[in-house]
Amino acid sequence: MKVVSLSREEIEVLMEGVFTSNQQRRFIEYVASNPQSLTLAVNRATAIDNCSLIAKRVNKKLMPLGYVIACLQPVDSISNRYGGRSNMFEWSLFELPKSSANDSSFDVAKGVSK
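Cut-offs used in this document
- Residues numbered from 1 in each chain as written.
- Predicted model: local features only at pLDDT ≥ 70, side-chain atom pairs only at ≥ 80, totals over all residues.
- Heavy atoms only, no water.
- Salt bridge = Lys/Arg side-chain N within 4 Å of Asp/Glu carboxyl O.
- Helix = DSSP H or I, 4+ residues; strand = E, 2+ residues; numbered from the N terminus.
- Buried < 20%, exposed > 50% of the residue type's maximum accessible area, 1.4 Å probe, protein only.
- Patch = residues over 30% accessible without salt bridge, like charges linked within 9 Å, V, L, I, M, F, W, Y side chains within 5 Å.
- Areas by Shrake-Rupley, 256 points an atom, 1.4 Å probe, with all protein chains shown as cover.
- Lys, Arg positive; Asp, Glu negative; His and termini not counted.
- Charge placed at Lys NZ, Arg CZ, Asp CG, Glu CD.
- Axes fitted to C-alpha atoms, helices over the stretch in contact; angles between N-to-C directions.
- Left-handed = near helix turned anticlockwise from the far one by under 90°.
- Contact = heavy atoms within 4.5 Å.
- Nonpolar A, V, L, I, M, F, W, Y, C, P; charged D, E, K, R; others polar.
- Pairing = 2+ DSSP bridges.
- Expected span 1.5 Å × (residues − 1).
- Parallel < 35°, antiparallel > 145°, perpendicular 65-115°, else oblique.

### Regarding the pattern of salt bridges
Enumeration according to the criterion identifies three salt bridges in this entry. Here Arg25 and Glu29 are joined by a salt bridge, their closest N and O atoms 3.0 Å apart. Pair noted here: Arg25 and Glu29 are both in helix α2 (residues 22-33), with a separation of four residues, about one helical turn. Judged by its relative accessible area of 17%, Glu29 is buried. Between Lys98 and Glu95 there is a salt bridge whose closest N-O contact spans 3.6 Å. The exposure class assigned to Lys98 is exposed, which follows from its relative accessible area of 77%. Using a relative accessible area of 22% as the deciding quantity, one classes Glu95 as partly exposed.

### Focus on a negative patch on the surface
On the surface, Glu9, Glu10, Glu12 and Glu16 cluster together into a negatively charged patch. Its place among the elements puts Glu9 in helix α1 (residues 8-16).

### Things to note about the packing of α1 against α2
Contact pair α1 / α2: the axes reach a minimum separation of 10 Å and the direction vectors enclose 145°. When the axes of α1 and α2 are compared, the crossing they make is right-handed. On α2, the residues that touch Arg8, Ile11, Glu12, Leu14 and Met15 of α1 are Arg25, Ile28, Glu29, Ala32 and Ser33. Split by residue class, the contact of α1 with α2 holds five nonpolar, one polar and four charged.

### Comments concerning the pairing of strand β4 (residues 90-95)
For strand β1 (residues 2-4) and β4, the ladder comprises three bridges, and the chain directions are antiparallel. Opposite Lys2, over in β4, you have Glu95 as the bridge partner. Direction of pairing for strand β2 (residues 37-38) relative to β4: antiparallel, over a ladder of two bridges. Across the sheet, Ser37 pairs through a bridge with Trp91, a residue of β4.

### Side note on α2
Over its twelve residues, α2 extends 17 Å from the first C-alpha to the last, a length consistent with the 16 Å expected when each residue adds 1.5 Å. Considered for burial, the residues of α2 that qualify are Gln24, Phe27, Ile28, Glu29, Val31 and Ala32. On its buried side, α2 packs onto β1, α1, α3 (39-46), α4 (51-62), β3 (67-72) and β4.

### Comments concerning the packing of α2 against α4
Taken N-terminus to C-terminus, the directions of α2 and α4 make an angle of 85°; their axes are 10 Å apart at the nearest point. With respect to their mutual orientation, α2 and α4 come out roughly perpendicular. Between α2 and α4, the residues in contact are Gln23, Gln24, Phe27 and Ile28 and Cys51, Ile54, Ala55, Arg57, Val58, Lys61 and Leu62, respectively. Classifying every residue of the contact of α2 with α4 by side-chain character gives seven nonpolar, two polar and two charged.

This is a description of form; function is not addressed.
Structure representation (structure tokens):
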């Protein structure tokens, strides 16, 4: 999977194929145009407290279109105000591969089973 940043026009085309609530639309638009955004930035820009819940709902609609929104742990850990590890992640839109990594081996197994 690779991180993608979509233009305004590409986001509109993507959104045409997806029925979403206003909250889900804001989430998709922000993450698609601002890859690797920290959880706090996404929260503030979209007024969404639980990004994971919205991502779970949105991904059911995006996966058939070849995309997924996911978060990754930042390379440099971010501390909270007490010095502990925070739950800040980097949110991005990813383009799914067109074929699975094991497609070629599956074809071999399929041929053997005939």
